[in-house]
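# Structural features, examined
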Amino acid sequence: MDDCIFCMITEGKLPSSKVFESDTLLAFLDLNPCQKGHTLLIPKKHCKDIFGVDPAIGADVLAAMKTIGQAIKDVTGCTGINVVQNNGRDAGQMVDHLHWHLIPRFAGDGLDLWPQGKYDSMDEMNAMAEKLRKVLG
């Protein structure tokens, strides 16, 4: 897409600090990292979000996450990594090109990704599960 910043990075029209590239994927450092080493992994072929992606790319994505995640651990010394993928503005997606965040984590780093909630009862939780199973068939 002509106005997609991640497509422009993939096409070499905008600079980035690339860390990984394959035929289908590109990974580069986030300009506004949660932690140093925070990396974005994107499919080179444009798609807006997880709902438009070709599932065939799944194996490539998982293999790249494993490789990149290990490199992040080796370089930063982090003790954990969050893999985050947002879909839609209300979920925090700021660029309309499917991407995953690989965020290095350290004990006591103060980064809270979301508050924990709970169901009011097991009945409420089971009702939600039933609705989801019904839609999933």
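## Things to note about the packing of aromatic side chains
- The tally for this structure, following the rule as stated, stands at 1 aromatic pair.
- Seen in terms of ring centroids, Phe6 and Phe28 are 5.5 Å apart; in terms of plane orientation they differ by 75 degrees. Their pairing is edge-to-face. With a gap of 22 residues between them, Phe6 in helix α1 (residues 5–10) and Phe28 in strand β2 (residues 25–29) connect regions that are remote in the sequence.

## Regarding a nonpolar patch on the surface
- Taken together, the side chains of Tyr119, Met122, Met125, Met128, Leu132 and Leu136 present a nonpolar region at the surface, about 620 Å² in accessible area.
- Here Met125 lies in helix α3 (residues 122–136).
- Taking relative accessible area as the criterion, Met125 reaches 34% and is therefore assigned partly exposed.

## Thoughts on the pattern of salt bridges
- Under the definition given, this model contains 6 salt bridges.
- In this structure, the salt-bridge partner of Glu11 is Lys13, at a minimum N-O distance of 3.1 Å.
- A salt bridge links Lys18 to Glu21; the shortest N-O distance between them is 3.9 Å.
- Residue classification places Lys18 among the partly exposed positions, given a relative accessible area of 45%.
- With relative accessibility at 45%, the residue Glu21 sits in the partly exposed group.
- When salt bridges with common partners are traced through the structure, they connect Lys18, Glu21 and Lys44 into a single cluster.

## Brief notes about the layout of surface pockets
- By volume, the largest pocket amounts to about 530 Å³.
- Taken together, 24 residues make up the lining of the largest pocket; nearest its centre are Asp30, Leu31, Asn32, Leu40 and His101.
- Every element with two or more residues in the lining of the largest pocket is listed here: α1, β2 and β5 (100–105).
- The biggest single contributor to the lining of the largest pocket is α1, with 3 residues.
- Classifying every residue of the lining of the largest pocket gives 15 nonpolar, 8 polar and 1 charged.

What counts as what
- Residues numbered from 1 in each chain as written.
- Predicted model: local features only at pLDDT ≥ 70, side-chain atom pairs only at ≥ 80, totals over all residues.
- Heavy atoms only, no water.
- Phe/Tyr/Trp six-rings, centres within 6.5 Å; stacked < 30°, edge-to-face > 60°.
- Helix = DSSP H or I, 4+ residues; strand = E, 2+ residues; numbered from the N terminus.
- Patch = residues over 30% accessible without salt bridge, like charges linked within 9 Å, V, L, I, M, F, W, Y side chains within 5 Å.
- Areas by Shrake-Rupley, 256 points an atom, 1.4 Å probe, with all protein chains shown as cover.
- Salt bridge = Lys/Arg side-chain N within 4 Å of Asp/Glu carboxyl O.
- Buried < 20%, exposed > 50% of the residue type's maximum accessible area, 1.4 Å probe, protein only.
- 1 Å grid on protein atoms, 1.4 Å probe; cavity = no way out; pocket = protein on both sides within 12 Å on 5 of 7 lines; lining within 4 Å.
- Points joined across faces, edges and corners; volume = space filled by probe spheres on them.
- Nonpolar A, V, L, I, M, F, W, Y, C, P; charged D, E, K, R; others polar.

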